[in-house]
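Below, each chain spelled out in residue letters.
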Amino acid sequence: MTLTTCLILSAALFSVGLYGLLTRRHAVGILLSIEVMANAANLNFVAFAHYGGASWGQAFALFVLGLTVAEVAIGLALVMLLFRSHKDVLVDLANAFKH
Amino acid sequence: MTTPMWALIAVFAPLASALLLAVLAPIRRRGGLAAAVSITFALASLVGAIFAVIGTLHAGGSDWTRSWLASGGALPLSVTFGVHVDGVSAPMLAVVALVATCVQLFSTGYLDDESSASRGRYFAYQSLFLFSMQLLVAAPNLLQLFFGWEIVGATSYLLIGYWYKKPSAARAAVKAFWVTKFADMGLLIGLVALFGFTGSFEWTAQLAPAAATAVTLLFVLAVMGKSAQFPLHVWLPDAMEGPTPVSALLHAATMVAAGVYLVVRAQPLFAQAPFTQHFLAYLGAGTALFAALLALVQTDLKRVLAYSTCSQLGYMLAALGAGSAFAGFFHLTTHAFFKALLFLAAGSVIHAVGSNEMSKMGGLWKKMPLTMLVFIAGAFSLAGFPGFAGFFSKDLIIDSLSEHHLWAPYAALLLGAFLTALYMGRAILLTFFGPHESHEAEHAHEPGWSMKLPLIVLALLSVGAGFFGGDLWHLASLTDYVHGVYHFRFGAVASVLALSGFVVAWVAWGKTREEPALARSLAAFANRAWVDRLYVFGYRAGLLLVSDVAAWIDRYIVDALVNVVGSFFLLGARRARRLQTGNVQDYLFAMSLGAIALAVWSIWR
C-alpha cells in the first residue's frame, strides 16, 4: 500500500459520506454519514503520519475520534428531541423557521 | 462692572424672566406675579442698558465675545457670539428696554379682564420678545443678528395671535409670519452669499461692487418684510389684531425698526452698493407717501397708526438710502417713543370705548383729558410740529435727501409730511372731539395709574427727546451725516407743511364727521385690499398652478420611476426567494458544489 492508495481510499470514503449526507432524510443516517466523512479525514491523518514520518498525526486521529464521539452525543440528543416533537426522525420535518 | 457686562445684563435678564415664566407654571398661572417678574427683569434690562450707555459715553464702545462656531476646511468658519456695545447699540438697547418696560406696565392695566393664566402667557411672550430684540441689537455680527431676527419674528407671531380663539387674529398671525418669513429668506441667502464672498459674517466686510449690490439687495428684501415696506407691508395693518400694547411695542416702536437697525448696522456694506442705496431711498420715500395716503382713509384708529408706522419707517429707510445713517437712526429712536405713546394712548381709548372704530368714539376730551393731551403730544411729535421730538429727526431726514440731491424722494417726503399732519389731525378730531358717537364713549373714563404712568413717561420723551439729537450724534459717531457734522437747520418748508396739514384737517373734520368727497374717492381708490388681492391672485394663478404641475410631475414621473425600480426588486425577490428552501441539505449541496468548483479552479488555473 502506498500513500496514494490510502488517499484514494480516503477520498472515496469522503465522497460516500458526502453523498449520504446530501441524500439521506433519516436523521440517524445523516449522523452515520458524518462519521464516515470524519473517518476519511482520520485515515488521511494516519496515512500522512505513517508515510511522512510525523508521528503526532496519529495523536490527531485520536482527537478526531473524541470529537466525533462528542458530536454523536449531541446529534443523538437532537434526534431524540426531533422524535419527541414530531413522532418521527425525518430532518425535513424540522422546518419551523421557514414558516 | 465693565460696559459689556451691563450690556449682557440688558440682553439676558429678559431671557431669565422668559425661562422662569415658561418653566415655572405656578408663577405663570398667577397673572399678577408673572407681570411683576416680567416687569422686574425688564427694568433690570433697562438699568443694564442705561449703564451701558453711560459706559460708552465715558470710555467708548467695547465688546464681549466668545467663540461660538469654529471649523477648518476650505472656507474656515469662525463666528463669535456676545455683545457689541457702541454708540449705536447702547442707546438702542436703552430705547428698546425703556419702551418695553412702559408697555409691560401698561399691559397690566390693559389686560386686566383676561384670565390670570392667559396673562402669564402674555408676559412670558413679552419677556422672550425683549430678549430676542436685545440679542439682535447687541449682535457683534450678522449671524447673531439673524438669530435675534428670527426669534423676534416668532414672538411677533405668538403675540399677534394672543387671542388665538379669534379667527381673524389667528389668520393675521399666520399672515405676518408668512410674509416676514418670505422676506427673511433674503437675509438668509444674503448671509450665505456674504459668507461665500468673504468667509465671515461681519458687516465691515469688503466686497466687489457687484457682490455688494447683490448681498445688500437681498438684505433689503428682508428689511422690506420686517419693516413693512411696499409691497410687503400687507401684514402690518392686519397685525393690529393683537392686543394694543403689543402693537405699540412690536409693530411700532421696536420690532419693525429691526429692519432699519439692520441697515444702520450694515452701513459699511450698503455704502459699497450705490444702486441699493438709491433703491432704498426711492422705496422708502414711495412707501412713506403711499402709506400716508392709506392712513388718511382708515376708519380704525389702530390701522391709522399702523399705516403711519409704515410711512415713518419709509422715512427712515429713505434717509439710509441717502447715506445718512444718523438721520435714520435718530428718527428710529424718536419714533420709538412717540409711536409707542400714540399706540398706548390709542389703547387707553380702546380700553375705555371697547372698539377700534373711530366712528364709535368722539368727544372723549372731556372724559379722558390726560389721554387726549398725550395723544396730541405724540401726534405733534409724529407730524413734526416745531419743538417736538419728531420735528428734529424728520427734518434731518428731509434735509439729508435734499443735500444728496434726491429730489423725487425729497418731494415725496415733503408731501408725506403734509399728509402725516392731515391724518393725525383727522384722528385727533374724530376720536376726541365732536359729539359722543356711542354709549361707551359717553361713559368712558381715564385708566388707572399703571396705564397713566407709561403714557406720561413716553409723552415727556416724545416732547423732549429731540433736544438730545446732538448728544446722540456724538455718541453714535456714524460716519455719515451730510458733511460729517451734526448741525440742526430749521426746516421751514416741512414745518409749514405740517402746520397746514393740521389746519386742513381742522377745516375738513373740525365741524363735521362726514368724510369729504375727495377722501371718500381716495378711500375707494386706495382701498388697501388691492395689494392683498394681488397676492391672492398671484397665489391662485402662480403658486397653485405651479404646484399643480409640480404635483403631476411628482406623481406620474418621479414617483412612477421610483415605483418601477421598487417593483422590479420586489418581483425579482419573490422569484429569488424560492432558492431559499430552508433545507440544510440543499445548502450543503450548494456548498459542496462550490468547494469542488474551487478545487477544480485551483488545480486548472
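Computed from a predicted structure; not experimentally measured. Residue positions are given per chain, counting from 1 as you read along its sequence in written order. Whichever chain is written first is A, and whichever ligand is written first is 1; the rest continue in order. Local features in this predicted model are restricted to residues whose pLDDT is 70 or higher, and side-chain atom pairs enter the listing and the counts only when it is 80 or higher, whereas totals over whole chains, interfaces and linings include all residues. Excluding hydrogens and water, the side-chain figures rest on all heavy atoms present in the structure.

*Asks:* Help me understand the overall build of chain A in this model?
*Replies:* Scanning chain A from terminus to terminus reveals 3 helices and 0 strands. For the purposes of this entry, the term helix denotes a DSSP run of H or I that reaches at least four residues, the term strand denotes a run of E that reaches at least two, and both are numbered from the N terminus. Reading the helices (α) and strands (β) of chain A from amino to carboxyl end gives α-α-α. Relative to a compact globule of 99 residues, whose C-alpha radius of gyration would be 13 Å, chain A shows 17 Å and is clearly more extended. Counting only C-alpha atoms, chain A reaches 50 × 25 × 20 Å along its principal axes. For every residue, the accessible area (1.4 Å probe, protein chains only) is compared with the maximum for its type, and the residue is labelled buried under 20%, exposed over 50%, or partly exposed between those bounds. For chain A, the residues scored as buried account for 27% of the 99 residues in total. The contact rule is simple, with two residues in contact once any of their heavy atoms fall within 4.5 Å. The long-range fraction of contacts in chain A, counting pairs at least 24 apart against all pairs at least 6 apart in sequence, stands at 56%. In the form shown here, chain A has an accessible surface area of approximately 6,700 Å², with 75% of it arising from carbon and sulfur atoms. For the charge count, each Lys or Arg is scored as positive and each Asp or Glu as negative, with His and the chain ends excluded. Where a charge sits is defined by one atom per residue type, namely NZ (Lys), CZ (Arg), CG (Asp) or CD (Glu). Measuring between centres, the 5 positive side-chain charges of chain A sit 8 Å from its 4 negative side-chain charges. Atoms considered for the radius of gyration are the C-alpha atoms alone. The globule rule reads 2.2 Å times the number of residues to the power 0.38. Note that accessible areas follow from Shrake-Rupley with a 1.4 Å probe, and for residues the cover is restricted to the protein chains shown.

*Asks:* What is the right way to read the pairing of strand 2 (residues 77-85) of chain B from this model?
*Replies:* A regular strand places its side chains on the two faces of the sheet in alternate fashion. If DSSP finds at least two bridges between two strands, the strands pair. Relative to strand 2 of chain B, strand 1 (residues 62-71) of chain B runs antiparallel, the two being bridged by 9 bridges. Paired with Ala70(B) across the two strands is Ser78(B), which belongs to strand 2 of chain B.

*Asks:* Explanation requested: the pattern of salt bridges in the structure shown.
*Replies:* Residues and elements named next belong to chain B. What counts as a salt bridge is simple: a side-chain nitrogen of Lys or Arg found within 4 Å of a carboxyl oxygen of Asp or Glu. A complete count under the given rule lists 6 salt bridges over all chains for this structure. Across the pair Lys-166 and Glu-241 runs a salt bridge, and its minimum N-O distance is 3.3 Å. One end of the pair, Lys-166, is in the loop between helix 6 (142-160) and helix 7 (167-198); the other, Glu-241, is in the loop between helix 9 (235-238) and helix 10 (244-253), and 75 residues separate them in sequence. What makes Glu-241 partly exposed here is its relative accessible area of 22%. Between Arg-303 and Asp-238 there is a salt bridge, and its shortest N-O distance comes to 3.6 Å. Taken as a pair, Arg-303 in helix 14 (residues 301-321) and Asp-238 in helix 9 lie far apart in primary sequence, 65 residues in all. The pair formed by Arg-303 and Asp-238 is uniform in burial state, with each residue classed as buried.

*Asks:* How do you make sense of the packing of helix 16 (residues 369-383) of chain B against helix 17 (residues 389-403) of chain B when you look at a structure like this?
*Replies:* Helix packing geometry: the angle between the two helix axes and the distance between the axes. Residues and elements named next belong to chain B. Taken N-terminus to C-terminus, the directions of helix 16 and helix 17 make an angle of 15 degrees; their axes are 6 Å apart at the nearest point. In terms of orientation, helix 16 lies roughly parallel with respect to helix 17. Regarding helix 16 and helix 17, the two cross each other, and that crossing is right-handed. Residues Ser-381, Leu-382 and Ala-383 of helix 16 form the contact with helix 17, whose participating residues are Ala-389, Gly-390, Phe-391 and Lys-394. Inter-axis angles, ranging from 0 to 180 degrees, are taken between N-to-C directions of lines fitted to C-alpha atoms, where helices are fitted over the stretch in contact. To sort the angles, those under 35 degrees are grouped as roughly parallel, those over 145 as roughly antiparallel, those from 65 to 115 as roughly perpendicular, and the leftovers as oblique. Note on convention: the crossing is left-handed when the near helix lies turned anticlockwise from the far helix by less than a right angle, right-handed when the turn is clockwise.

*Asks:* What should I look at first to understand the interface of chain B and chain A in this one?
*Replies:* Quite often, the size of an interface is put as the accessible area lost when its parts meet. The interface of chain B with chain A comprises 8 residues on the first partner and 9 residues on the second. Accessible-area loss on putting two parts together, using a 1.4 Å probe and summing over both, is the definition of buried area adopted here. Here chain B and chain A share an interface that buries about 600 Å² over both sides, 55% of which is from carbon and sulfur atoms. Considering only the side of chain B, the residues that lose the most area to chain A are Gln585(B), Leu588(B) and Ser592(B), jointly responsible for 61% of the buried surface there. Seen at the junction of chain B and chain A, the total is 0 salt bridges. Each polar contact in these results corresponds to two N or O atoms within 3.5 Å; when the atoms are within protein, one needs to be able to donate a hydrogen and the other to accept it, and residues that are neighboring in sequence are counted only if both atoms are side-chain atoms. At the boundary of chain B and chain A, one finds 3 residue pairs in polar contact (both at pLDDT 80 or more).

*Asks:* So what exactly am I meant to see when it comes to the environment of Gly57(A) here?
*Replies:* Relative to the assigned elements, Gly57(A) resides in helix 3 (residues 56-86). Separated by 13 residues in the primary sequence, Gly57(A) and Asn44(A) have C-alpha atoms spaced 9.1 Å apart.

*Asks:* What exactly am I supposed to notice about unusual backbone geometry here?
*Replies:* The phi torsion of most residues other than glycine is negative, and most of the peptide bonds are trans. Residue and element names in this part refer to chain B. For the bond from Phe-230 to Pro-231, the omega torsion is 0 degrees, close enough to zero to count as cis. Residue position: Pro-231 is located in the loop between helix 8 (209-226) and helix 9. Positioned with a positive phi, Ala-228 is a non-glycine residue whose angle comes to about 55 degrees. Among the secondary structure elements, Ala-228 is positioned in the loop between helix 8 and helix 9.

*Asks:* It is not clear to me how the nonpolar core should be interpreted in this structure. Could you clarify?
*Replies:* Generally speaking, nonpolar side chains in soluble globular proteins are found buried as a group. Among the nonpolar cores identified, the biggest contains 200 residues, and Val99(B), Trp235(B), Phe329(B), Leu364(B), Phe375(B), Leu413(B) and Met424(B) are the most heavily contacted of them. The element that contributes the greatest number of residues to this core is helix 15 (residues 325-353) of chain B, accounting for 19 residues. In this structure, Leu18(A), Leu21(A), Leu22(A) and Met37(A) belong to the second largest nonpolar core, which totals 5 residues. To form a nonpolar core, buried Ala, Val, Leu, Ile, Met, Phe, Trp, Tyr and Cys residues must be joined to one another through side-chain atoms within 4.5 Å.

*Asks:* Before we go on, may I ask you to explain the packing of aromatic side chains in this structure?
*Replies:* Residue and element names in this part refer to chain B. Only centres within 6.5 Å qualify two rings of Phe, Tyr or Trp (six-membered ring in Trp) as a pair; their planes then separate them into stacked at under 30 degrees, edge-to-face at over 60, and tilted for everything else. All told, the structure shown has 25 aromatic pairs over all chains when counted by the stated rule. Each ring, one from Trp-407 and one from Tyr-410, has its centre 5.5 Å from the other, and the planes form 85 degrees; the classification is edge-to-face. Here Trp-407 and its partner Tyr-410 are both found in helix 18 (residues 407-432), 3 residues apart, which amounts to about one turn of the helix. Put simply, the rings of Trp-64, Trp-68, Phe-81 and Phe-147 touch in pairs and so form one group of aromatic residues. Over a ring means this: the NZ of a Lys or the CZ of an Arg is within 6 Å of the ring centre and within 35 degrees of the ring normal. Between the NZ or CZ atom of Lys-394 and the centre of the ring of Tyr-315, over which it lies, the distance is 5.1 Å. Across from the ring centre of Trp-601, 5.4 Å away, lies the NZ or CZ of Arg-605, which sits over that ring.

*Asks:* What is the right way to look at the side chain of Ser200(B) in this model?
*Replies:* Residue and element names in this part refer to chain B. Relative to the helices and strands, Ser-200 is located in the loop between helix 7 and helix 8. At 3.4 Å, the side chain of Ser-200 forms a polar contact with the backbone nitrogen of Glu-202. Once you skip the residues sitting within four places of it in the chain, Ser-200 turns out to touch Leu-194, Phe-195 and Ala-205.

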